[in-house]
Amino acid sequence: MGKIRSDKETTFSGKEYIAHYDEDGNKIGETWEEKKFSGEPVTRHYDKDGNLVGES
């Protein structure tokens, strides 16, 4: 497995997230700070296709 680069990025609407890139510069996933339905904060990790792959 090669090196992964993570960069803080901002959506058009101003929401920040972390984008993850492989060593060739291809986006391989994103990490978002979100809230559960209960209002509790959660960090969610998504693959390059937008599928949820985990929470922390």
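Fair warning: this is a prediction, and the values are worked out from it, not measured in the lab.

1. A few points about the overall build of the protein chain
Of the regular secondary structure elements, the protein chain holds 0 helices and 5 strands. For the protein chain, the sequential pattern of α-helices and β-strands runs β-β-β-β-β. Across its three principal axes, the protein chain shows a C-alpha extent of roughly 40 × 25 × 15 Å. Here the protein chain, with 56 residues, has 21% of them falling under the buried criterion. Taking contacts inside the protein chain between residues at least 6 apart in sequence as the whole, the part at least 24 apart equals 1%. Of note, the protein chain has its 9 positive side-chain charges centred 4 Å away from the centre of its 13 negative side-chain charges.

2. A word on the pattern of salt bridges
This model, assessed by the stated rule, comprises 5 salt bridges. Close ionic contact of Lys8 with Glu16 constitutes a salt bridge, the shortest N to O distance being 3.8 Å. A salt bridge links Glu55 to Arg44; its shortest N-O distance comes to 2.9 Å. Remark: Arg44 occurs in strand 4 (residues 41-47) and Glu55 occurs in strand 5 (residues 52-55); sequence separation between them is 11 residues. A relative accessible area of 17% places Arg44 in the buried class.

Here is what the cut-offs are and how they apply
- Residues numbered from 1 in each chain as written.
- Predicted model: local features only at pLDDT ≥ 70, side-chain atom pairs only at ≥ 80, totals over all residues.
- Heavy atoms only, no water.
- Helix = DSSP H or I, 4+ residues; strand = E, 2+ residues; numbered from the N terminus.
- Buried < 20%, exposed > 50% of the residue type's maximum accessible area, 1.4 Å probe, protein only.
- Contact = heavy atoms within 4.5 Å.
- Lys, Arg positive; Asp, Glu negative; His and termini not counted.
- Charge placed at Lys NZ, Arg CZ, Asp CG, Glu CD.
- Salt bridge = Lys/Arg side-chain N within 4 Å of Asp/Glu carboxyl O.

In short, the description is geometric, and any link to function would need to be established separately.
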